[in-house]
Structure formats: structure tokens, C-alpha cells
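An overview of the molecular structure
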Amino acid sequence: MLLLAVAFIVAFVLLLYMVSPLISPKPLKLPGAHVVVTGGSSGIGKCIAIECYKQGAFITLIARDENKLLQTKKEIEKYSVNDKQVVLCISVDVSKDYEQVENVLKQAQEKLGPVDMLVNCAGTSVTGKFEDIEVNSFERLMAVNYLGSVYPSRAVIATMKERRMGRIVFVSSQAGQLGLFGYTAYSPTKFALRGLAEALQMEVKPYNIYVTVAYPPDTDTPGFAEESKTKPLETKLISETSSVCQAEQVARVIVKDAIQGNFNSSVGSDGYMLSILTSGMSPVTSITEGLQQVVCMGIFRIVGLFYLGSFDSIVRRCMMQREKSEIADKNE
């Protein structure tokens, strides 16, 4: 009886692997494709642009700093695979004026053709205790991290629908899967991208357009270095429980998942666990992926509870140490 049950499970899993490719989207071919990367002058955005360029894509880089854009353009062009490839730079703030964003993307498409893949990587971060963060910082982060992804996506979606093809990538964060101490201004903006992506995917899937939400961990970028300068002690200690990834590694994973049309894109074992735990009602691009979520959810929830307990302990310990220090200062 046991052998029969094992045989049935093995047969069922094999059947899923056989059926899975039939419902998965066809991979996007990057050679000759037009890839737009916002926030592409540094960090993960720049590395994504390089990775796509290495595979033969035409690149439009969008960022605010024109000097950084030109420097990045020269760096990317070193990786050309043919003499036809082009790197176009556009200096614009994607979070302020939708009409301006729409106009520059029209210009980009007139020069390099319709956008095949849009990577929304523009973003910024502010860390600190909730009551210490300036109110305008909440507004600024929502504008840059959320509307800065809405506007470019809105500007290219109609053309993608007409062509019945396309990829849209939203670069969120592991802080967009799990709210952590010090990220009360940042986390909500990254959580918002998940809701946008799920709703948008349901709209555009019949048009053969696939949305990817990337959840990179702490990544060695200029933005991360700047953010680390103002992190509260609790945030630093929690961050130490996981390693810092290289931007090139993160970029390779994101590009691979976007090409395949995967909805979730994560890096490393912690990223995989978080993607399973937070899968909820998110789309899947294969039966195998759905099966993994069903099988692993329970055990990963147990592991996640241990993580949460550890984080709570760090916060409580820091609070007690701070209180002791304040009492000692008063007694002196």
C-alpha cells in the first residue's frame, strides 16, 4: 500500500513537470529587443541594463542625473555583442509629471522601436523610527517608489497590448514582503508595488504580457551604502541576520525571471522562503511553482516564526539597553 502511494505521488509530480511547460509563457528573446530601465544610472538598475545589453538588447536608460547617465552609457557600451546595439540616455524624474514621462518614452520608442521590456528600478529609501521620520518623507517615497513605477508602466502598456507581447518588471524589496523596524516609510511603498503588479497581471495576461515583481535582499549598491548611514541600531542588528548580495547577482536573477515571465523573482534561500510565505493569491507561471508553495508553506511558516521571534528579541533588547542608558545618564 505504501509503495502504491509513493508510486502515485511520483507519477503525479512527473505529470506536473510534463504539463507545466504547456501553461508557461514563452521566453522573451532579448537579442534586438528594446529594454527600458528606470533608475538605470547606478546599482541594480545599471547591472540589469548591462545584463540585457550582454544578451543583445537595445537599452534606454532613464534617471535624473545626466552626468551619471552618460558615465553609465560608456560603461554599458563596453559589453556590446554587435555594432548595431544602442544605449539611449534620458534624464527625467519619473515620479513627478506623467505627461513628461509619456513624452520621453514616445521619443525612445521612435528611436529604438516599441518597448519589449520595462524595468522599473527607480527608487529611494529613508530609515528611522516612525515618529522621527519627517512627514514629507512618506510622501516623497510614495511618489518615487510607487508613482515612479506607475507612470512609465502606464506609458508603455497600450503599445504592448497592441503588439500582444511585453514584460514589465517592478523592483520591490524583501522589505516589501516583510515589514521591519525602521522601514515604516519605505516598506509600504514596496508593498504597494505587489498590489499593483497582481492587479495589472490579471488585466494584461490575455495580451501575452507578463509582470514580474523582484524582491532583492540587502544589495551592495550606492543607495544601500547611503541608507546604512542612518539606520537605527535595531535595523542594523536585524540586517546582520542575512548576508549582503552583489548587484550583478541580483540583476542576473531578475533578468532571467523576467525573460521567463515569472511573477515572483527572489534571490537566495531567504528570498525563496519569503516568496513562498507571501505567495497568497499571487499568480503562478507553472503548476510546479504552485505545488512547491502548497508543500512548503507550513514548514516555512514555522521557520518564519522563529525569525520573527528573533527580531522581536533584538528590538526588546535594544529598548532595554536604551532605557538603562537613559537612567544612568540621569543619575550622573
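Residues numbered from 1 in each chain as written. Predicted model: local features only at pLDDT ≥ 70, side-chain atom pairs only at ≥ 80, totals over all residues. Heavy atoms only, no water.

Under the convention used in this document: UniProt positions are given in the numbering used here, feature names are shortened, and annotations may be inferred rather than shown by experiment.
The protein appears in an unreviewed UniProt entry as 3-dehydrosphinganine reductase from Cochlearius cochlearius. Entered under Sequence similarities (unreviewed entry) in the UniProt record, the comment concerning the protein runs "Belongs to the short-chain dehydrogenases/reductases (SDR) family." Listed under Catalytic activity (unreviewed entry) in UniProt, the entry text for the protein is "sphinganine + NADP(+) = 3-oxosphinganine + NADPH + H(+)".

As for the layout of surface pockets
If a probe the size of a water molecule is rolled over the atoms, the empty space left behind becomes visible. For clarity, the cut-off: Only protein atoms enter the 1 Å grid used here, on which a cavity is any set of points holding a 1.4 Å probe that cannot leave and a pocket is any open set flanked by protein within 12 Å on both sides along at least five of seven lines; residues with an atom within 4 Å of a point are listed as lining. Grid points are joined across faces, edges and corners, and a volume is the space filled by probe spheres set on the points. For the purposes of this entry, the term helix denotes a DSSP run of H or I that reaches at least four residues, the term strand denotes a run of E that reaches at least two, and both are numbered from the N terminus. Residues are grouped as follows: Ala, Val, Leu, Ile, Met, Phe, Trp, Tyr, Cys and Pro are nonpolar; Asp, Glu, Lys and Arg are charged; all remaining types, including Gly, are polar.
Size it by volume and the second largest pocket reaches roughly 450 Å³. Elements represented by at least two residues in the lining of the second largest pocket include exactly helix H9 (247-260), strand S9 (264-266), helix H10 (268-277) and helix H11 (287-331). For the lining of the second largest pocket, the per-class residue count stands at three nonpolar, eleven polar and three charged.

Observations concerning empty space enclosed by the protein
Under the counting rule described, the total for this entry stands at one cavity of 30 Å³ or more. As a volume, the largest cavity reaches approximately 30 Å³. As for the largest cavity, its lining consists of Gln-201, Lys-205, Tyr-210, Pro-283, Val-284 and Thr-285. Taken together, the residues that form the lining of the largest cavity break down as three nonpolar, two polar and one charged.

Things to note about the packing of aromatic side chains
Rule in force here: Here is the rule: rings of Phe, Tyr and Trp (six-membered ring for Trp) pair when centre to centre is within 6.5 Å. Planes less than 30 degrees apart are stacked, more than 60 are edge-to-face, and the remainder are tilted. Residue burial is assigned from relative accessible area. The probe radius is 1.4 Å, only protein chains are included, and a residue is buried under 20% of its type maximum, exposed over 50%, and partly exposed in between.
The tally for this structure, following the rule as stated, stands at five aromatic pairs. On the basis of an interplanar angle of 75° and a centroid distance of 5.6 Å, the ring pair of Phe-130 and Phe-138 is categorised as edge-to-face. Among the residues examined, Phe-130 registers a relative accessible area of 53% and is labelled exposed. Owing to a relative accessible area of 24%, Phe-138 belongs among the partly exposed residues under this scheme. Seen from their ring centres, Tyr-272 and Phe-300 are 6.0 Å apart, and the 85° between their planes marks the pair as edge-to-face. Here the residue Tyr-272 occupies a position in helix H10, and Phe-300 occupies one in helix H11, the gap between them amounting to 28 residues.

A few points about a positive patch on the surface
The test is simple: Candidate patch residues must exceed 30% relative accessible area and have no salt bridge, after which like charges are joined if within 9 Å and Val, Leu, Ile, Met, Phe, Trp or Tyr side chains if within 5 Å. Computed with the Shrake-Rupley method and a 1.4 Å probe, the accessible areas treat only the protein chains shown as cover for residues. Every case where a carboxyl oxygen of Asp or Glu lies within 4 Å of a side-chain nitrogen of Lys or Arg is listed as a salt bridge. By the counting rule applied here, Lys and Arg register as positive and Asp and Glu as negative, while His and the ends of each chain are not counted. Lysine's charge is taken at NZ, arginine's at CZ, aspartate's at CG and glutamate's at CD.
On the surface, a cluster of positive charge is made up of Arg-64, Lys-68, Lys-96 and Arg-140. Mapped onto the secondary structure, Arg-140 falls in helix H5 (residues 135-163). Judged by relative accessible area, which is 40%, Arg-140 ranks as partly exposed.

Observations regarding the packing of H5 against helix H6 (residues 187-204)
Cut-off, in case you're wondering: Between N-to-C directions, angles span 0 to 180 degrees; the directions come from axes that are lines fitted to C-alpha atoms, helices contributing only their stretch in contact. Here is the rule for angles: anything less than 35 degrees is roughly parallel, anything more than 145 is roughly antiparallel, 65 through 115 is roughly perpendicular, and the remaining ranges are oblique. Handedness of a helix crossing follows the sense of rotation of the near helix relative to the far helix, less than a right angle counterclockwise being left-handed and clockwise being right-handed. Here, residues are in contact when the closest pair of their heavy atoms is within 4.5 Å.
Taken N-terminus to C-terminus, the directions of H5 and H6 make an angle of 15°; their axes are 9 Å apart at the nearest point. Taken together, the axes of H5 and H6 lie roughly parallel to each other. Crossing geometry of H5 relative to H6 is assigned as right-handed. Residues Leu-141, Met-142, Asn-145, Tyr-146, Ser-149, Val-150, Ile-157 and Lys-161 of H5 pack against Pro-188, Thr-189, Lys-190, Ala-192, Leu-193, Leu-196, Leu-200 and Val-204 of H6. The residue makeup of the contact of H5 with H6, split by class, is eleven nonpolar, three polar and two charged.

Overview of the sheet that holds strand S5 (residues 166-171)
How we decide: Should DSSP find at least two bridges between two strands, the strands are regarded as paired.
Across the sheet, seven strands lie side by side as S3-S2-S1-S4-S5-S6-S9; this open sheet has parallel pairing. Both edges of this open sheet fall to strand S3 (87-91) and S9, since each of them pairs with a single strand only. When strand polarity is set aside, the average angle formed by the axes of neighbouring strands in this sheet is 15°. Bridge count for strand S6 (residues 209-215) against S9 is three bridges, and the pairing is parallel. Bridge pairing links Ala-214 to Ser-265 in S9. Across the sheet, helix H3 (residues 66-77) touches strand S2 (58-63) and S3, and the angle it forms with S3 is around 170°. Sheet strands in contact with H6 are S5 and S6, and its direction is about 165° off that of S6.

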